[in-house]
Structure formats: C-alpha cells, structure tokens
Amino acid sequence: MQLELSARFAADLAGLWPEEEREGRPLGLAVSGGPDSLALLLLADAALPGRIAVASVDHGLRPEAAAEVALVGRIAGERGIPFTPIKVDLAPGNLQAQARAARYAALARWAGEAGLGAIATAHHADDQAETLLMRLNRGSGIAGLAGVRPRSVIDGTDIALLRPLLGWRKAELAAVVAAAGIQPAEDPANTNPAFDRARMRAALAGADWLDPLALAASAAHIAEGWQALEWYAELDWHEMVLHEDGDSGAPGFSYCANVPRVIAIETILRIIRELGGHATRAEAARAWDRLWAGENASLGGVLAVPGVERVEKVGVQMRVWRFRPEPARGSVN
C-alpha cells in the first residue's frame, strides 16, 4: 500500500481517536466483505499493524452472506488479524432497522469481550452525500441533516463508534482494494431500485455537477451547528426545568419555555424520557405547537398543560408548561 494513503488514514483516525485515548487497546473493524469495508481493513492494517481486530456480521438475510463472512475471515487470516464471525437473529419488523440495531448490539458485545478501544465502520463521503440528500428530500430537521457523525457511541453503551473514512470517496476505496488484488463481494441491495438509497446512489452517479465531498462537508457543518444546539438544550434543561411533585404525589416537571422552538423540542424530549416515556422529535414538535397555542398536549404517556405565570427566578411573566404522567385510562381523579 502507498505510504501516503496509510499516513492519510492514520491522520484521519487520530482526529477521531487520539493516541492518549487508546490505552494500548486494539481498534475493532466492522467488515462486510464489500469494497468499502475491505479498504478500511487494508488501510487500518497498514496504519496500525498488530493493533486491530475484525468482525463480520451475518444477518441471515441473504444466502451469500455466509460466504462473504468467510471471505473476510480469509483476508484477515492471511494478514494475521484476529477475526470474529458473528451471526445475529432479527426481530420482526422493519428488516433494515432491525438489522442495523442487531448489528451494532452484536459489535458492542464483541468489543466488550475482546477488550477493544473503539469500533470503526467504513462510511465514506459518498454515503454521507446520499444520506444528506435523502434526508433533505424527506424534510428532516437539523439532527437528521447532520448525517452520519464522524464519532459517536453505540446506543446503550459507552463504546466509541468511529467513521474515519468520511473524507474519502468510494472510488478511492475501491482502488485500494483493487491494488491489493482482492475481489470484493457485491451486495445486490446496493443497486436494487426498491431501496431509497440505491435510487439516490444512481441519481448521484448521473449528476457529475454534484460534489459528494462538498455535500459531506456541508453535513459536517450542520453537525457542528447541531452540537451547539445540544449544548444550549443542556443549559435550558438545567436553568429552566424544575422537578416538582403534583398534588397526588406523582412526579412531574415545570418548564419555563422561553427559548427557540428547536431548543424547546429537545427539552420536551428530555422531560418525556425523565418521566419514563418515549417520543419522537416530530411528536415533540407537534406538542410544542399545541402548548405554544395554549392547548394541552399528550405524548409518550405524559400530559403537558400550558400556563402563564410570574417566575420569581427572573421576575417576569413567562410561559410555564407542566408535565405529568397521564392518569391510567378509566381511573377516577
């Protein structure tokens, strides 16, 4: 492999996972057998020799999957890289969403058992461009338009999830694999027009005036803006939300709603979670609209009641919204 490619990858990885955080622990790679993830394997092996481990997940959705896992195992074995095949069973429902959830849960278990410092996936600039355009087309909010984050954590864990290839083009990664003389697996879903992403990928391929790297950079800028909003929402939670029990002793919160709608939506979501409920951002946005109009709102098993009162903390009249668990249906107050 060209030294400059290895150095470039090492620099991208260091920006997400500084050396002082690694504590000598290996980096885990999620490798499917496709060109993108095989390039991740090759680049990481060159940049971190002896300091990586590989896992490949079979979701049981395609008969070819077992052979693809075996391909990854052979390539890792030839390079002396520890390899773990993983088989997952999917719950009923949206297959793509279930596959994603099962995959990351399995990778998290693997990371814990193997003592890994982080997990890396092969999402790249073309993926990010597709994600941004798909979400723009769906009318997504800022959180969705921020796209795939370069660094996050696997849901429900503290395991770092890294995406060091977001500044790389798909064609560059394919060239890395071709130069190594490896024939990657190809998932037919990547070109199946039944899937939104495949249709967007085909549309992008025919729009040479669009620059995926620039689109990926825009997603990164949006992500920075979202980080600022999350910081403001954390401040709003600590400054403007008060825990208080109702007359019946039920736990609840009062919220002095005095921030822009996008911030208040995050605070409403946090209140719902604290009261044991669950709601989407879209549901929280509709609740904000009702509360702002002076109407009660119900979401996630929580009843929100609007009001206006003098808030001693700031000495002025403010909108104060009170949140309580909804009474059980059929109960008598």
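Below: a short report on this structure.

Calculation notes
- Residues numbered from 1 in each chain as written.
- Predicted model: local features only at pLDDT ≥ 70, side-chain atom pairs only at ≥ 80, totals over all residues.
- Heavy atoms only, no water.
- Helix = DSSP H or I, 4+ residues; strand = E, 2+ residues; numbered from the N terminus.
- Buried < 20%, exposed > 50% of the residue type's maximum accessible area, 1.4 Å probe, protein only.
- Contact = heavy atoms within 4.5 Å.
- Areas by Shrake-Rupley, 256 points an atom, 1.4 Å probe, with all protein chains shown as cover.
- Lys, Arg positive; Asp, Glu negative; His and termini not counted.
- Charge placed at Lys NZ, Arg CZ, Asp CG, Glu CD.
- Salt bridge = Lys/Arg side-chain N within 4 Å of Asp/Glu carboxyl O.

1. Points about the overall build of the protein
Working step 1: The secondary structure content of the protein amounts to 12 helices and 11 strands.
Working step 2: With the C-alpha coordinates aligned to their principal axes, the bounding extent of the protein is approximately 70 × 45 × 45 Å.
Working step 3: Across the 333 residues that make up the protein, the buried fraction comes to 44%.
Working step 4: Long-range contacts, defined here as pairs at least 24 residues apart, represent 64% of the contacts in the protein between residues at least 6 apart.
Working step 5: Put simply, the protein shows about 17400 Å² of open surface, and 54% of that area lies on carbon and sulfur atoms.
Working step 6: With 33 positive and 41 negative side-chain charges, the protein shows a separation of 3 Å between the mean positions of the two kinds.

2. Some thoughts on the side chain of Asp45
Working step 1: Its place among the elements puts Asp45 in helix α3 (residues 35–47).
Working step 2: At 4.5 Å, Arg79 is the nearest oppositely charged side chain to Asp45, a buried residue that forms no salt bridge.
Working step 3: Once you skip the residues sitting within four places of it in the chain, Asp45 turns out to touch Ile52, Arg79 and Ile81.

3. Examining the pattern of salt bridges
Working step 1: Under the counting rule described, the total for this entry stands at 22 salt bridges.
Working step 2: A salt bridge links Asp196 to Arg199, with the nearest nitrogen and oxygen atoms 2.3 Å apart. Of this pair, Asp196 and Arg199 both sit in helix α9 (residues 196–205), 3 residues apart, which is roughly one turn of the helix.
Working step 3: Accessibility expressed as a relative area gives 42% for Arg199, which makes it partly exposed.

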